[in-house]
Every structure is written in structure tokens, then in C-alpha cells.
Amino acid sequence: MSEGTNRPESGDRDTAKRAADGFFIMPALSSDLEKLVEIDVALTLRERQNEILRTSVAADGCIVARDGEKIVGFVSWDLGFFNRPFVRLLVVIESHRRCGLGRALLLAVERAAAAYGELFVSTETINAPMRALLAVHGYEPSGSIDNVNAPGNAELVFHKSLAEPQTEGELRPGRAG
């Protein structure tokens, strides 16, 4: 572990959780930022997404999925949604989708946010795979926001009540800036 933080040193798998098909789920390192920006698939609002990732990694609010040393997905979360835990981004690269990584990342952030008792997530109306993932894991619709995406593509907000964490040392992000 890096002294004074809850982040693992590069290669330290003690805090990593083995996920689907041998992938590792672990906190992002500051050295991962460039790789995270490269795999973020949202080409629109790129500068805003980059800022979200920089802030998230610095605040220990980013969890990555690794296939060996390659980052193949990540989830970014913070307390910037009415001072409640909120998933800002959940991305799995196309070649690694449909193998359980989205589920593993979502479960990792649920564990990290459990002390808050709830978690909010949003996704676009057109993102059927994410909506299905959320439904399977007990997320309930909490509302929608029009006029933030393309016309006719509302941002849907979901909520899940969480139990208290069962283990110590979970990630806790800072507040959004």
C-alpha cells in the first residue's frame, strides 16, 4: 500500500478483488489516468469527462478492472449528487463486454458506498444494456432529466438502498469540486 493512502502500489494485488474470468477489480492509481481517458468511450463532452476522471482518481473514487496490466473497464463515483453517492461513469471496453465486468464494477462501488446506505446511477434512455444491468441488481427508477442529451434521449436516474459494509478499508471518495 502507498503510505498514507488506501491505494495499492502498482502490482499490489492484496486489495484487488478477483472478478469474472480472472480479471482484477481494484482502486485506480494516479498513473492510470491517461489509460482511463483513452478508454472512455464518450467522445462528446470529452473535456468534462476528463475532469470527472481526474477528480475521481484523486479522491479515491475510481475503481478499475484489469486484464493483466491492461485496464479494460472502470467505474467513477463521488458524492456530487445532492451529497449522495453517485456513479458518474461506468465503462467497459467493447472487447470485454458481456463477461461480467460491468456487474463486478457495479458491485465494487456498491461495497465502497455501502456506508452511505444508498447509491444513485444514471444512464441514457438508449443504453439498454446498462438499464438491464441496473434492473437485475435491484435498482429502481428514481426519475428522469430531459434536455441533457440528444432530443428524445432522457437521462434516467436509478436508486438502490445498500446495506452497511461487511469489511473495513473500503474506498470513500471526496465531494465533487
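Residues numbered from 1 in each chain as written. Predicted model: local features only at pLDDT ≥ 70, side-chain atom pairs only at ≥ 80, totals over all residues. Heavy atoms only, no water.

## Structural notes on the overall build of the protein chain
Line of reasoning, step 1. The number of helices and strands found in the protein chain is 4 helices and 8 strands.
Line of reasoning, step 2. The secondary structure elements of the protein chain, listed N-terminal to C-terminal, are β-β-α-α-β-β-β-α-β-α-β-β.
Line of reasoning, step 3. Counting across all 177 residues of the protein chain, residues that qualify as buried make up 45%.
Line of reasoning, step 4. Taking the contacts inside the protein chain whose residues are at least 6 apart along the sequence as the reference set, 58% of them involve residues at least 24 apart. (Helix = DSSP H or I, 4+ residues; strand = E, 2+ residues; numbered from the N terminus. Buried < 20%, exposed > 50% of the residue type's maximum accessible area, 1.4 Å probe, protein only. Contact = heavy atoms within 4.5 Å.)

## Structural notes on the nonpolar core
Line of reasoning, step 1. With 40 residues, the main nonpolar core has Ile 25, Leu 36, Ile 63, Phe 74, Val 109, Leu 119 and Val 121 as its most contacted residues.
Line of reasoning, step 2. Non-local contacts of Leu 36, meaning those with residues more than four positions away in its chain, are made with Ala 28, Leu 53, Val 57, Cys 62, Val 64, Ile 71 and Phe 74. (Core = buried A, V, L, I, M, F, W, Y, C linked by side-chain atoms within 4.5 Å.)

## Focus on the pattern of salt bridges
Line of reasoning, step 1. Considering all chains together, one arrives at 5 salt bridges under this definition.
Line of reasoning, step 2. A salt bridge links Asp 32 to Arg 66, with the shortest nitrogen-to-oxygen separation between them at 2.6 Å. Pair noted here: Asp 32 is in the loop between strand S2 (24-27) and helix H1 (33-39) and Arg 66 is in strand S3 (residues 62-67), with a separation of 34 residues, a long-range link. For the pair formed by Asp 32 and Arg 66, the shared burial category is buried.
Line of reasoning, step 3. Between Glu 110 and Lys 160 there is a salt bridge, with the nearest N and O atoms lying 3.2 Å from each other. Of the two residues, Glu 110 is situated in helix H3 (residues 101-113) and Lys 160 in strand S8 (residues 155-161); the sequence distance between them amounts to 50 residues. Per residue, the accessibility class of Glu 110 equals that of Lys 160, and both read buried. (Salt bridge = Lys/Arg side-chain N within 4 Å of Asp/Glu carboxyl O.)

## Focus: the confidence of the model for the protein chain
Line of reasoning, step 1. Of the residues in the protein chain, 76% reach a pLDDT of 70 or more, and the chain-wide mean stands at 80.
Line of reasoning, step 2. Under a pLDDT of 50 for its full length, residues 1-15 has, in the predicted model, 35 contacts with residues more than four places off or in other chains.
Line of reasoning, step 3. Overall, residues 165-170 carries pLDDT values under 50, and its contacts beyond four positions in sequence, including any with other chains, amount to 7 contacts. (pLDDT = per-residue confidence, 0-100.)

## Notes on the pairing of strand S5 (residues 84-92)
Line of reasoning, step 1. The pairing of strand S4 (residues 70-81) with S5 spans 7 bridges and is antiparallel. Within S5, the residue paired with Asp 78 across the bridge is Phe 86.
Line of reasoning, step 2. Remark: 2 residues form the turn of the hairpin made by S4 and S5, two consecutive strands paired antiparallel; Phe 82 in that turn has positive phi of roughly 55°.
Line of reasoning, step 3. Pairing between S5 and strand S6 (residues 118-124): 2 bridges, direction parallel. When the sheet's bridge partners are listed, Val 87 is paired in S6 with Val 121. (Pairing = 2+ DSSP bridges.)

## Digging into the environment of Ala 113
Line of reasoning, step 1. Counting through the fold element by element, Ala 113 comes out in helix H3.
Line of reasoning, step 2. You can call Ala 113 buried: its relative accessible area is 0%.
Line of reasoning, step 3. The sequence separation of Ala 113 and Gly 61 amounts to 52 residues, and the corresponding C-alpha distance is 9.8 Å.
Line of reasoning, step 4. With sequence-adjacent residues up to four places away left out, Ala 113 is seen in contact with Trp 77, Pro 85, Glu 118, Leu 119 and Leu 162.

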